[in-house]
Every structure is written in structure tokens, then in C-alpha cells.
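# Tertiary structure, described
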Amino acid sequence: MDTLLDLLNSRPVVNGEERDALADPAAGRRWARERGGEGSLAELELLREARDVLRDVVRGESSSAALSPLLEGVHQIPEITSGGLQWRVEAPPHARLAVEVVLAWAATEKRLPGRLRPCANDECRLFLLDRSRANRARWCSMAVCGNREKARRHYERTR
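Residues numbered from 1 in each chain as written. Predicted model: local features only at pLDDT ≥ 70, side-chain atom pairs only at ≥ 80, totals over all residues. Heavy atoms only, no water.

### Digging into the nonpolar core
Rules: Residues belong to a common nonpolar core when they are buried Ala, Val, Leu, Ile, Met, Phe, Trp, Tyr or Cys residues joined through side-chain atoms within 4.5 Å. Burial status follows relative accessibility: with a 1.4 Å probe on protein chains alone, a residue under 20% of its type maximum counts as buried, one over 50% as exposed, and anything between as partly exposed. Only DSSP runs of H or I reaching four residues or more are called helices, and only runs of E reaching two or more are called strands; each is numbered from the N terminus. The contact definition used throughout considers only heavy atoms, calling two residues in contact when any of these lie within 4.5 Å.
Counting 29 residues, the largest nonpolar core has Leu4, Leu47, Leu67, Trp105 and Leu116 as the members making the most contacts within it. Of all the elements in the fold, those that place two or more residues in this core are α1 (2–8), α2 (25–34), α3 (41–58), α4 (96–111) and β6 (127–129). Aside from chain neighbours lying at most four places away, what touches Leu4 is Leu54, Val101, Ala104, Trp105, Thr108 and Leu116.

### Structural notes on the environment of Val14
Mapped onto the fold, Val14 is located in strand β1 (residues 13–14). Val14 gets classed as partly exposed once you look at its relative accessible area, which sits at 30%. With 117 residues separating them along the chain, Val14 and Arg131 place their C-alpha atoms 25 Å apart.

### Some points on the pattern of salt bridges
To keep it simple, the criterion reads: Throughout this description, the term salt bridge denotes a Lys or Arg side-chain nitrogen within 4 Å of a carboxyl oxygen of Asp or Glu.
Counting across every chain of the model gives 13 salt bridges. Between Glu18 and Arg11 there is a salt bridge, and its shortest N-O distance comes to 3.0 Å. The partner of Asp52 in a salt bridge is Arg51, with the nearest N and O atoms 3.4 Å apart. Salt bridges linked by common partners bring Arg11, Glu18, Asp20, Arg51, Asp52, Arg55, Asp56 and Arg125 together as one network.

Following this line, the structure appears as C-alpha cells:
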């Protein structure tokens, strides 16, 4: 789940300028390797595609069917172990990390439906996973986006 949020949040807007952690091939390959990937250029290209499609799905701009091409040729194989039944995912090596992220999204939607969402700050491009009991979290960070929004509303009220 951490890699899912890491991928979705890999294109933040900092001081009004978009920063893409996967744009530079060397930095992007390092990003993938730090999260268990192989760090190939093919993997990096697929991660960028997965990020963009997932972003649109989470924002409600695309249906979840848009994720289907990312899962082509992927198989889950049941394995009986001493711990019980487990599913092993078979995917091409360059696609494994992107597939794991898509599967993490599906698991999140099943366990915590509607809790993965974009930050409510229109100027922010980050996503959050609301783990609060009330399911009312709106900002990726209360210290940053939440305070900005509260300051903006206070300013408008006092004008």
C-alpha cells in the first residue's frame, strides 16, 4: 500500500512547479529499485503509465477498466504452504512492480472503499488514504494543505 501512495504521489507540485520523481531515468530507476523493482527502463515506462491511469481512476476521470492493459499476461497461481493458501503473481519482470501497485489499489478499494482519494486542495496533486474512523480526511497533510485551506477561508471571512 505504501508503494501505491508513493507512486500516486510521485508527481507533486512544489512551489507551483510539478516535480516528477520518475522523469529522470536515473532517478526513476533508483526509485523503482528502492521499492523492490528491477530498475529497467521498460519498468520505469510502465510505472509512469500505471501512475497516470491510477491517478485518473482514483479521481473518477476513468473507469477501473482502464487498468486492464496493465494486467495483460499476468497470472495468479495458488500455492499451498505451511501457512495456508497463498497466491503467487506471475508477471514479466519489468511489469511486476506496476502489477503489484495495481493489485494494491484493488485490495485497498475492497478493504477501504472510497478512502483512497485526491487531496481536497485544488492546487495539490497528492493523494491520501483516509484511515480515520469518521472517513472525513480531506488533505494529504494537515500541516500543509489543511492549514493553507483554513487560512484561505479565514482570510475570505475577514475581508
